[in-house]
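Results of the structural survey
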Amino acid sequence: DQQVKQNSPSLSVQEGRISILNCDYTNSMFDYFLWYKKYPAEGPTFLISISSIKDKNEDGRFTVFLNKSAKHLSLHIVPSQPGDSAVYFCAASRDFGNEKLTFGTGTRLTIIP
Amino acid sequence: DVKVTQSSRYLVKRTGEKVFLECVQDMDHENMFWYRQDPGLGLRLIYFSYDVKMKEKGDIPEGYSVSREKKERFSLILESASTNQTSMYLCATGRVDRNQPQHFGDGTRLSIL
């Protein structure tokens, strides 16, 4: 049972435009969410996170939005750059003090120059 | 900067062999995790450990065991390797504070022939 879902396996965006990556979850106990970025032959690196007490968190070009009622989060990258081409995973955790993460299936983002 | 080192980048083993994957971290993190990454399935948690000699099953522990004799080292063991264990294996570490993101190694691509 996939509790965290990324329904778009791939996404192509023109350089300079906005990239929007989506993630849905089913477990209402999840209350902390993260995005990781992964290049080939490297481990995932942390991008940005959001707690369920917020609906938005920004860090430079990256913004994460959380809609708790819809159990949906999205990552916005603006403007998109060629170096953003990678696989993006969303992840979720529940219960403060429980560090287990449940990951989505990933979305491959390709930025077209 | 956190460094998570996995002993091998690529490994080829035969069916039935006992396989050891090693992970070492240099930041004194309490938590250590083993994931596998497969196309279309994202990252799935195999085992994790909150402290020396402690281990907990993740979502897909069957066919695997782990060992944590020292805080900085977490080993994943495939007791009798099978072809369906061909995968990318990722080690991660983290503090006992889920507001601090997990840090990943670069992965071991394991092929079982």
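Residues numbered from 1 in each chain as written. Chains lettered and ligands numbered in written order. Predicted model: local features only at pLDDT ≥ 70, side-chain atom pairs only at ≥ 80, totals over all residues. Heavy atoms only, no water.

Topic: the overall build of chain A
- For chain A, the count of helices and strands is zero helices and eleven strands.
- The secondary structure elements of chain A, listed N-terminal to C-terminal, are β-β-β-β-β-β-β-β-β-β-β.
- In summary, chain A has a C-alpha radius of gyration of 13 Å against a globular reference of 13 Å for 113 residues, a match within 12%.
- The 113 residues of chain A split such that 45% are buried.
- Pairs at least 24 residues apart make up 55% of the contacts formed inside chain A by residues separated by at least 6 positions.
- Split by element, the accessible area of chain A, about 5400 Å² in all, is 49% carbon and sulfur.
- For chain A, the separation between the mean place of its 12 positive charges and that of its 11 negative charges on side chains is 3 Å. (Helix = DSSP H or I, 4+ residues; strand = E, 2+ residues; numbered from the N terminus. Rg over C-alpha atoms; globule rule 2.2 N^0.38 Å. Buried < 20%, exposed > 50% of the residue type's maximum accessible area, 1.4 Å probe, protein only. Contact = heavy atoms within 4.5 Å. Areas by Shrake-Rupley, 256 points an atom, 1.4 Å probe, with all protein chains shown as cover. Lys, Arg positive; Asp, Glu negative; His and termini not counted. Charge placed at Lys NZ, Arg CZ, Asp CG, Glu CD.)

Comments concerning the pattern of salt bridges
All names here are of chain B.
- Scanning all chains against the criterion turns up eight salt bridges over all chains.
- Among the ionic pairs, Glu22 bridges to Arg73, the shortest N-O distance being 3.9 Å. Taken as a pair, Glu22 in strand 3 (residues 19-25) and Arg73 in strand 8 (residues 73-78) lie far apart in primary sequence, 51 residues in all.
- Using a relative accessible area of 21% as the deciding quantity, one classes Glu22 as partly exposed.
- Lys71 serves as the salt-bridge partner of Asp28, at 3.1 Å between the closest nitrogen and oxygen. Of the two residues, Asp28 sits in the loop between strand 3 and strand 4 (31-38) while Lys71 sits in the loop between strand 7 (64-70) and strand 8, which places them 43 residues apart along the sequence. (Salt bridge = Lys/Arg side-chain N within 4 Å of Asp/Glu carboxyl O.)

Topic: the side chain of Asp38 of chain B
All names here are of chain B.
- Relative to the elements of secondary structure, Asp38 occurs in strand 4.
- Its relative accessible area of 11% is what places Asp38 among the buried residues.
- In this structure Asp38 touches Arg44, Thr86 and Ser87, once residues within four positions along its chain are discounted.

A short note on the interface of chain B and chain A
- If you look at the interface, chain B gives 24 residues, while chain A gives 23 residues.
- Here chain B is connected to chain A by zero salt bridges.
- On the surface where chain B and chain A come into contact, there are three residue pairs in polar contact (both at pLDDT 80 or more).
- Contributing elements (two or more residues each) for the side of chain B that touches chain A: strand 4 and strand 5 (42-49) of chain B.
- Classifying every residue of the side of chain B that touches chain A gives eleven nonpolar, seven polar and six charged. (Polar contact = N/O pair within 3.5 Å; in protein donor to acceptor, adjacent residues only side chain to side chain. Nonpolar A, V, L, I, M, F, W, Y, C, P; charged D, E, K, R; others polar.)

What to know about the nonpolar core
All names here are of chain A.
- Phe33, Trp35, Leu73, Leu75 and Tyr88 are the most contacted members of the largest nonpolar core, which totals 23 residues.
- Of all the secondary-structure elements, those providing two or more residues to this core are strand 3 (19-25), strand 4 (30-38), strand 5 (45-51), strand 7 (62-67), strand 8 (72-77), strand 9 (86-94) and strand 11 (107-112).
- Of all the elements, strand 9 adds the most residues to this core, at four residues.
- Leave out the neighbours within four places in its chain, and Tyr88 touches Gln6, Leu21, Trp35, Tyr36, Lys37, Leu47, Leu75, Ile77, Gly106, Thr107 and Leu109. (Core = buried A, V, L, I, M, F, W, Y, C linked by side-chain atoms within 4.5 Å.)

Quick look at a nonpolar patch on the surface
All names here are of chain A.
- Residues Ile18, Ile20 and Val78 make up a contiguous nonpolar surface patch of about 230 Å² in total accessible area.
- Mapped onto the fold, Ile18 is located in the loop between strand 2 (10-14) and strand 3.
- The partly exposed category is assigned to Ile18, whose relative accessible area is 42%. (Patch = residues over 30% accessible without salt bridge, like charges linked within 9 Å, V, L, I, M, F, W, Y side chains within 5 Å.)

Describing the packing of aromatic side chains
- Counted according to the given criterion, the structure contains 13 aromatic pairs over all chains.
- On the numbers, 5.2 Å between centres and 70° between planes, the contact of Phe48 of chain B with Tyr50 of chain B is edge-to-face.
- Residue classification places Phe48 of chain B among the buried residues on the basis of a relative accessible area of 3%.
- The rings of Tyr36, Phe46, Phe89 and Phe103 of chain A together with Phe33, Tyr35, Phe48, Tyr50 and Phe104 of chain B are connected pair by pair, giving a single aromatic cluster. (Phe/Tyr/Trp six-rings, centres within 6.5 Å; stacked < 30°, edge-to-face > 60°.)

Topic: the sheet that holds strand 8 of chain B
Residues and elements named next belong to chain B.
- Strand order in the open sheet formed by four strands is 1-3-8-7, with antiparallel pairing between adjacent strands. Each having just a single partner strand, strand 1 (4-6) and strand 7 make up the two edges of the open sheet. Within the sheet, the average angular offset between the axes of one strand and its neighbour, ignoring direction, is 20°. (Pairing = 2+ DSSP bridges. Axes fitted to C-alpha atoms, helices over the stretch in contact; angles between N-to-C directions.)

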